[in-house]
2 protein chains.
Amino acid sequence: MGALTKRRESLIRSLAVRHGRKGSGYCLCDGPRASGEILKLRPDLVEQVILREGFEGDFDFPVSPDLLSAAEFDRIRNTVHSQGILLLVKRPEDTPEDEPVRTPFVLVLDRIADPGNFGTIVRTARAVGLSEIWLTDGTADAYSDKSIRSASGAQFALRIRRHGSLEHTLQLLKKQGFGRVYRTAPAAGANVFRENGLFDRSVIVLGNEGGGVGAIADSVDLNIPMPGDAESLNVAQAATVILFEYVRRTFPC
Amino acid sequence: MGALTKRRESLIRSLAVRHGRKGSGYCLCDGPRASGEILKLRPDLVEQVILREGFEGDFDFPVSPDLLSAAEFDRIRNTVHSQGILLLVKRPEDTPEDEPVRTPFVLVLDRIADPGNFGTIVRTARAVGLSEIWLTDGTADAYSDKSIRSASGAQFALRIRRHGSLEHTLQLLKKQGFGRVYRTAPAAGANVFRENGLFDRSVIVLGNEGGGVGAIADSVDLNIPMPGDAESLNVAQAATVILFEYVRRTFPC
């Protein structure tokens, strides 16, 4: 049973806040579910594995785990729901701006602030086989511990790209031939179930939970029909409808 | 500025736990968003409105609100996120077992335990105009404060039916001519995007987050195709795919 070095402990504490994560090059993963995914998907990024005494789990660790007493573990990781496994993980490398898009259409999350929504969308994107997602500034940190928990580590299965403002993001995409931009809109617009070419080198922008997507020059409004009386759909549910419409059209069986 | 009667205060405290809600005939709604919905949808059920001093919100109250000091309010409602409005609401009346189904197909939530998933599904059902949902025993309490917050009060826009075990539930539905039962299954089965008659006097059962739906005699497996490598879809996302497939087929435009 050991203890962490002061330096490592201080790094781990600092990663709980955005300011501390920024520039550190690391993120934290808490709990067996997301940890299991990261250990499977990106063992190369796992820098340290910290276990609380008594932790049981059938994992292959790429590095020799540090086993801490319950008191020591809880001292560095003071969360009620911590389940006795903590990974210190290198942040995946940023993707260069001109790196070719590798998906048939591009999903852009514009200032989606809630890590729960972010995580659900990433898990769903993974389920449909979309291997890349773009975020604008103002969207939740893809590698905060909340985002990692909420996505169950699915962000390590995808390429997450982040290149600044929505305007700059759309410019980059246009350069690569992704020029038709759909902007999800609550009341009217092209019907997600009828629009031809919706997933053909297009960009689909999902917006902030409160304010939706801002105005975009030359964009097409995209509407998810809602025959009921709800005012609007949660953004993660909207993403699910769009992503599975892609599945429906693309994978006939 | 007043105080609640001891009796009322004790009722409100007791409603925070399932045991206390059971048989009390009441539920609690916390926060402006869900409260606004309930005040709009079912003002007849609102028994008492409790406001913290300084609360600002533009609502029509069916009863004269009780205004409490911040200290008094926080004493009875000790949650960090409470936003200064609390409704004491009569639980909607139970629906008799033989009450005719009023939807073209029936969505059954079988032991869906998480109030967050429950709430998301209810909100989505409301968005697509499904006016009735069935729950089996073991599903989250539709009227716990967590469920109400998560659904933003949408359960008051629908009829929520609960008639015991899954087996008994399916027997009741069969009597009303809803005999074809679909059981969502992760790996194989009828394709949700291709199955004819999927929404035609059928029953679609969504199962528990961990274990899925149990075995059902004479049921048809229903599959949501997932070309990616995720093991299975979150149950709320699965519900969203199914409910919007219903919209896609039913409301051409």
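The preceding data block contains the structure.
Definitions and cut-offs
- Residues numbered from 1 in each chain as written.
- Chains lettered and ligands numbered in written order.
- Predicted model: local features only at pLDDT ≥ 70, side-chain atom pairs only at ≥ 80, totals over all residues.
- Heavy atoms only, no water.
- Helix = DSSP H or I, 4+ residues; strand = E, 2+ residues; numbered from the N terminus.
- Rg over C-alpha atoms; globule rule 2.2 N^0.38 Å.
- Buried < 20%, exposed > 50% of the residue type's maximum accessible area, 1.4 Å probe, protein only.
- Contact = heavy atoms within 4.5 Å.
- Areas by Shrake-Rupley, 256 points an atom, 1.4 Å probe, with all protein chains shown as cover.
- Pairing = 2+ DSSP bridges.
- Axes fitted to C-alpha atoms, helices over the stretch in contact; angles between N-to-C directions.
- Buried area = accessible area lost by both parts, 1.4 Å probe.
- Salt bridge = Lys/Arg side-chain N within 4 Å of Asp/Glu carboxyl O.
- Polar contact = N/O pair within 3.5 Å; in protein donor to acceptor, adjacent residues only side chain to side chain.
- Nonpolar A, V, L, I, M, F, W, Y, C, P; charged D, E, K, R; others polar.
- Phe/Tyr/Trp six-rings, centres within 6.5 Å; stacked < 30°, edge-to-face > 60°.
- Arc of directions from axis to C-beta.

Trainee: What's the story with the overall build of chain A in this structure? I'm lost.
Mentor: Along chain A, the regular secondary structure elements total 8 helices and 11 strands. Taking 2.2 N^0.38 as the reference for a compact globule, 253 residues should give roughly 18 Å; the C-alpha atoms of chain A span a radius of gyration of 20 Å, in line with that estimate. Overall size of chain A, expressed as C-alpha extent along the three principal axes, is 60 × 40 × 35 Å. A burial count over chain A gives 53% of its 253 residues as buried. Sequence-distant contacts in chain A: of pairs separated by 6 or more residues, those separated by 24 or more amount to 75%. Entry remark: accessible area of chain A is about 11,200 Å², with carbon and sulfur atoms responsible for 48%.

Trainee: What should I look at first to understand the sheet that holds strand β11 (residues 219–223) of chain B in this one?
Mentor: Strands pair in a sheet through their backbones, by hydrogen bonds, and they do so in one of two ways: parallel or antiparallel. Residue and element names in this part refer to chain B. One open sheet accounts for 7 strands, arranged β7-β6-β5-β10-β8-β11-β9; its pairing is parallel. Among the strands making up the open sheet, the edge pair consists of β7 (159–162) and β9 (190–191). When strand β8 (residues 180–184) meets β11, the two strands line up parallel, connected through 4 bridges. Bridged to Y182 within β11 is V220. Packing of helix α7 (residues 166–175) onto the sheet brings it into contact with β5 (106–110), β6 (132–135), β8 and β10 (202–207), and relative to β5 it is tilted by some 170°.

Trainee: Explain the interface of chain B and chain A here, please?
Mentor: In many reports, interface size means the accessible area that the parts give up when they come together. Each partner contributes residues to the interface: chain B has 32 residues there, and chain A has 33 residues. Here chain B packs against chain A, burying approximately 2,600 Å² in sum over the two surfaces, 60% of which is carbon and sulfur. Inspection of the chain B/chain A interface yields 2 salt bridges. Between D229 of chain B and R126 of chain A there is a salt bridge, and its shortest N-O distance comes to 2.8 Å. Where chain B touches chain A, the interface holds 8 residue pairs in polar contact (both at pLDDT 80 or more). Elements that contribute at least two residues to the side of chain B that touches chain A include exactly α5 (115–128) and α8 (235–250) of chain B. Residue contributions to the side of chain B that touches chain A peak at 8 residues, all from α8 of chain B. Residues belonging to the side of chain B that touches chain A are distributed by class as follows: 16 nonpolar, 8 polar and 8 charged.

Trainee: For this particular structure, what's the right way to read unusual backbone geometry?
Mentor: Keep in mind that most residues, glycine aside, have a negative phi and that most peptide bonds are trans. Of note in this structure, R201 of chain A is not a glycine but carries a positive phi near 50°. By the secondary structure assignment, R201 of chain A is in the loop between β9 (190–191) and β10 (202–207). Its identity as a non-glycine residue notwithstanding, R111 of chain B has a phi of 55°, on the positive side. Its location among the elements puts R111 of chain B in the loop between β5 and α5. A relative accessible area of 31% means that R111 of chain B is categorised as partly exposed.

Trainee: Got a minute to help me understand the packing of aromatic side chains in this structure?
Mentor: Ring pairs (aromatic) are described by centroid distance and by the angle formed between their planes. All names here are of chain A. Counted under the stated rule, the structure contains 14 aromatic pairs over all chains. Centre to centre, the rings of F55 and F59 are 6.3 Å apart; their planes meet at 10°, and the pair counts as stacked. Through a chain of ring-to-ring contacts, the aromatic side chains of F105, F199, Y246 and F251 assemble into a single cluster.

Trainee: Would you take a moment to explain the pairing of strand β11 (residues 219–223) of chain A for this structure?
Mentor: Pairing geometry for β9 of chain A and β11 of chain A, over 2 bridges, is parallel. Looking at β11 of chain A, one finds that N191 of chain A is bridged to N223 of chain A.

Trainee: Could you clarify how one ought to interpret α7 of chain B in this entry?
Mentor: Within an α-helix, residues lying three or four positions from one another point in the same direction, as the helix has 3.6 residues per turn. Residue and element names in this part refer to chain B. Among the residues making up α7, those that are buried are L166, T169, L170, L172 and L173. Seen along its axis, α7 keeps its buried residues to an arc of 160°; they face one direction. Facing away from the buried side of α7 by more than 90 degrees, the exposed set consists of E167, K174 and K175. Against β5, β6, β8 and β10 lie the buried residues of α7.

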